[in-house]
Amino acid sequence: CGDFDRSIDEFDQSGLTRAPSIRVKPPRVAESAVHFECKLVHRHEIVKQNGVVTATLVLGEVVMVHAAEAVTEYIGDGKGKPQVNFEQYRALCRLGGDTY
């Protein structure tokens, strides 16, 4: 988190590695175990009673999912259907788990 001028590339400042996306233009974060490629569906500005915009709610459509083998398990015969093993993934936020 930082207070950067619009001319500063925050990805460069992060020290993280860009990985090419398959279905969208923005890059993925290579160090992440799970990636969601999304297309914008809607943006909704959150406006306080005084008219000040304090946040933007972004709704997107997931068009591609990537998961590292280290956090992937397969359900069914043979290689089966892949799914993320959340115990291996160990998400750093409350958005992880089977109710996400």
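Residues numbered from 1 in each chain as written. Predicted model: local features only at pLDDT ≥ 70, side-chain atom pairs only at ≥ 80, totals over all residues. Heavy atoms only, no water.

## Section: the overall build of the protein
Move 1: Counting secondary structure elements, the protein contains two helices and six strands.
Move 2: Starting at the N terminus and walking to the C terminus, you meet the elements of the protein as α-β-β-β-β-β-β-α.
Move 3: Against the globule reference of 13 Å for 100 residues, the protein gives a C-alpha radius of gyration of 17 Å, more extended than a compact globule.
Move 4: Each of the three principal axes of the protein carries a C-alpha extent, and together these read 55 × 30 × 25 Å.
Move 5: The buried share of the protein, taken over its 100 residues, is 14%.
Move 6: In the protein, of all internal contacts separated by at least 6 residues, the share reaching a separation of at least 24 is 27%.
Move 7: With an accessible surface of roughly 8500 Å², the protein has 51% of that area assigned to carbon and sulfur atoms. (Helix = DSSP H or I, 4+ residues; strand = E, 2+ residues; numbered from the N terminus. Rg over C-alpha atoms; globule rule 2.2 N^0.38 Å. Buried < 20%, exposed > 50% of the residue type's maximum accessible area, 1.4 Å probe, protein only. Contact = heavy atoms within 4.5 Å. Areas by Shrake-Rupley, 256 points an atom, 1.4 Å probe, with all protein chains shown as cover.)

## A few points about the environment of R28
Move 1: Considering the arrangement of structural elements, one finds R28 in strand β2 (residues 28-29).
Move 2: Residue classification places R28 among the buried positions, given a relative accessible area of 17%.
Move 3: For the pair formed by R28 and K79, sequence separation is 51 residues and the distance between their alpha carbons is 26 Å.
Move 4: Ignoring anything within four residues of it in the chain, the contact list for R28 reads F11, T17, R18, A19, P20, S21, H35, E37 and H66.

## A closer look at the packing of aromatic side chains
Aromatic ring pairs are described here by two measures, namely the spacing of the ring centres and the angle between the planes.
Move 1: All told, the structure shown has one aromatic pair when counted by the stated rule.
Move 2: Ring geometry for F86 against Y89: centres 6.2 Å apart, planes inclined by 70°, an arrangement best described as edge-to-face. Highlighted residues: F86 and Y89, both in helix α2 (residues 86-89), separated by three residues, approximately one helical turn.
Move 3: The aromatic ring of F11 is capped on one face by R18, whose charged end is 4.5 Å from the ring centroid. (Phe/Tyr/Trp six-rings, centres within 6.5 Å; stacked < 30°, edge-to-face > 60°. Lys NZ or Arg CZ within 6 Å of the ring centre and 35° of its normal.)

## What about the side chain of S21?
Move 1: Topologically, S21 is positioned in the loop between β1 (18-19) and β2.
Move 2: Polar contacts involving the side chain of S21 include one to the main-chain carbonyl oxygen of P26, which spans 2.5 Å.
Move 3: Residues contacting S21, with those up to four places away along its chain left out, are P26, P27, R28 and E37. (Polar contact = N/O pair within 3.5 Å; in protein donor to acceptor, adjacent residues only side chain to side chain.)

## Here we look at the confidence of the model for the protein
Move 1: Considering every residue of the protein, the mean pLDDT works out to 87; 90% of them sit at 70 or more.
Move 2: Across the protein, β1 holds the top mean pLDDT of 97, while α2 sits lowest at 84. (pLDDT = per-residue confidence, 0-100.)

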